[in-house]
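# Survey of secondary and tertiary structure
Here's the letter readout for the chains.
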Amino acid sequence: MSHVRLSFCIPSYNFGEYIGATLESIVRQGTDEVEIIVGDGASTDNTAEVVRHYQTHFPRLTYHNFGKKSGIDLDLCKTVELARGDYCWLMSSDDVLEPGAIQRVLNEIQLGHDVYLLNRTMCDRNLRPIRRQQLWLSSGTADRVFDLSNKSELLTYLNASKSIGALFSYISCIIVHRKKWNEAGYDERLAGSNYAHVFRLFSILKVDGSSLKYVEESPVLCRGENDSFLHKGICDRFRIDFDGYRLLAEFLFLDEPVRNAFKAVMRREHRWYTLSRHKSEVNDDRKWKELEEALFNYGYSSEEMFLINGLGSSKLLVKSLWSAKKLLGI
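A few points on the structure. (Residues numbered from 1 in each chain as written. Predicted model: local features only at pLDDT ≥ 70, side-chain atom pairs only at ≥ 80, totals over all residues. Heavy atoms only, no water.)

## Details of the overall build of the chain
Rules: Helix and strand definitions follow DSSP, with helices as H or I runs of at least four residues and strands as E runs of at least two, each counted in order from the N terminus. As defined in this context, the radius of gyration uses C-alpha atoms, and a globule is described by 2.2 Å times the residue total to the power 0.38. His is not counted, nor are the chain ends, whereas Lys and Arg count as positive and Asp and Glu as negative. The atom standing in for a charge is NZ when the residue is Lys, CZ when it is Arg, CG when it is Asp and CD when it is Glu.
Tallying secondary structure elements over the chain gives 13 helices and 12 strands in all. Taken over the C-alpha trace, the chain has a radius of gyration of 20 Å; the compact-globule value for 330 residues is 20 Å, and the two agree within 12%. Its C-alpha atoms give the chain principal-axis dimensions of roughly 65 × 45 × 40 Å. Charged side chains of the chain number 43 positive and 44 negative; the gap between the two group centres comes to 3 Å.

Right, here's the structure in full:
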């Protein structure tokens, strides 16, 4: 049996409709150096049946039903525990790889960096690209190695970050050295935040001598219009991001300039004009007030909050502004 260099670690829950496409995109380019681990949080749909079908084509695909749904934090942790590869590619069970993605990453991990961050192509629910590339770092940032244990370089990285995807929010673009992941351990303080893996990755990268390789290429197709965290509404969905990254900022960064730079990435992720559109869709005043508190915590100015609430109070006005923005290509 070949030595396993790369393990795809796929936590899943009731994504039987999509996981077949995910597995197909891996199996058709998988090598003897690749294995796939599916960790199922007790799905009630046909997930197990779909996975069994692909096991007949790819013997290094293993399926584990955990018996209960524990949430993404713990289910991802348990899935990686089952892996044997030198590196683990964390993967959502509804995203898809571009052809050649695995060979590119197998070549990359020969360099021995601790964490690799890829970019993605944003698609609709049917995997039709709607944006060619969604770059996590500012345009013009080519493939680069970062030492985030160095404060100056960490600030450079944070200031170049356009999205919390650069802060590892999106798992399908992350490859991590398995031994380093295990050494970092699971921190119970982040349990239930949906971002325990982010704490673990930064814990790895804060150690002297560690390295992050940013890869400009986008070998992952992200299936949009399929956010499983939206079932309670847009306010609760935003709170997942804002609350989770607030905890991360507090636990990871005691240095105030670094913490502020970390939180500023969230403001670039959720611009005031985007928030005004979402405000127009919210009917629960109590939930919006709670979200407003989170926005102030992230440093949104009084002027921005005035615009968010003012514009967001009129669905017609927001619709007109967004139509104009789209027409002008802004």
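## A look at the packing of helix 11 (residues 285–297) against helix 12 (residues 302–312)
Test applied: Axes here mean lines fitted to C-alpha atoms, for a helix over just the part in contact, with angles spanning 0 to 180 degrees between N-to-C directions. Any angle that is under 35 degrees is reported as roughly parallel, and any over 145 degrees as roughly antiparallel; angles of 65 to 115 degrees are reported as roughly perpendicular and all others as oblique. By convention the crossing between two helices is left-handed if the near helix lies anticlockwise of the far one by an angle smaller than a right angle, and right-handed if it lies clockwise. Contacts are assigned to residue pairs with any non-hydrogen atoms lying within 4.5 Å of each other. Only Asp, Glu, Lys and Arg are considered charged in this grouping, and only Ala, Val, Leu, Ile, Met, Phe, Trp, Tyr, Cys and Pro are considered nonpolar; every other residue, Gly among them, is considered polar.
Where helix 11 meets helix 12, the closest approach of the two axes is 11 Å, and the angle between their N-to-C directions is 155°. The pairing of helix 11 with helix 12 is recorded here as roughly antiparallel in orientation. Here the hand of the crossing between helix 11 and helix 12 comes out right-handed. Contacts between helix 11 and helix 12 pair W288, E292, L295 and F296 from the former with M305, I308 and N309 from the latter. Across the contact of helix 11 with helix 12, the residue classes break down as 5 nonpolar, 1 polar and 1 charged.

## A few points about the sheet that holds strand 6 (residues 115–117)
Let me state the cut-off plainly: Strands pair, by our definition, only if DSSP identifies at least two bridges between them.
With respect to topology, 8 strands assemble into an open sheet ordered 3-2-1-4-10-6-11-9, the strand pairing being mixed. Each of the sheet's edge strands pairs with one partner strand only, and the pair in question is strand 3 (61–65) and strand 9 (144–146). With strand direction ignored, the average angle separating the axes of adjacent strands in the sheet is 20°. Both strand 1 (residues 6–12) and strand 4 (residues 87–90) contribute to a ladder of 4 bridges, which runs parallel. Paired with C9 across the strands is L90, a residue of strand 4. Along the sheet, helix 4 (residues 101–108) contacts strand 1, strand 2 (34–40), strand 4, strand 6, strand 10 (174–177) and strand 11 (212–214); its crossing angle with strand 1, the most-contacted strand, is approximately 125°.

## Brief notes about the pattern of salt bridges
We apply this condition: A pair is scored as a salt bridge if a Lys or Arg side-chain nitrogen falls within 4 Å of a carboxyl oxygen belonging to Asp or Glu. Classification of residues uses two cut-offs on accessible area relative to the type maximum, computed with a 1.4 Å probe and protein chains only: under 20% is buried, over 50% is exposed, and between them is partly exposed.
Within the structure shown, the criterion is met by 20 salt bridges. Here E108 ties to K213 by a salt bridge, and the two come within 2.8 Å at their closest N and O atoms. Of this pair, E108 sits in helix 4 while K213 sits in strand 11, placing them 105 residues apart in sequence. In this pair, the class of E108 matches that of K213, namely buried. When the shortest N-O distance is used, the salt bridge between R246 and E250 registers 3.4 Å. Highlighted residues: R246 and E250, both in helix 8 (residues 234–252), separated by 4 residues, approximately one helical turn. Salt bridges linked by common partners bring R104, E108, D143, K213 and E217 together as one network.

## A few points about the pairing of strand 3
Two strands pair when backbone bridges link them, and strand 2 and strand 3 are joined in this way by 5 bridges, in the parallel orientation. Within the sheet, the bridge partner assigned to I37 lies in strand 3 and is T62.

## Observations concerning the environment of S203
Rules: Within 3.5 Å is the distance limit for a polar contact, defined as a pair of N or O atoms, with the added protein rule that one can donate a hydrogen and the other accept it, and that residues adjacent in sequence qualify only through two side-chain atoms.
Position of S203 among the secondary structure elements: in helix 7 (residues 196–205). A polar side-chain atom of S203 sits 2.7 Å from the main-chain carbonyl oxygen of F199.

## Examining the pairing of strand 4
The two faces of strand 4 match: Y87 and W89 on one face and C88 and L90 on the other face are all buried. By the bridge criterion, 4 bridges tie strand 4 to strand 10 in an arrangement that is antiparallel. Across the sheet, C88 pairs through a bridge with V176, a residue of strand 10.

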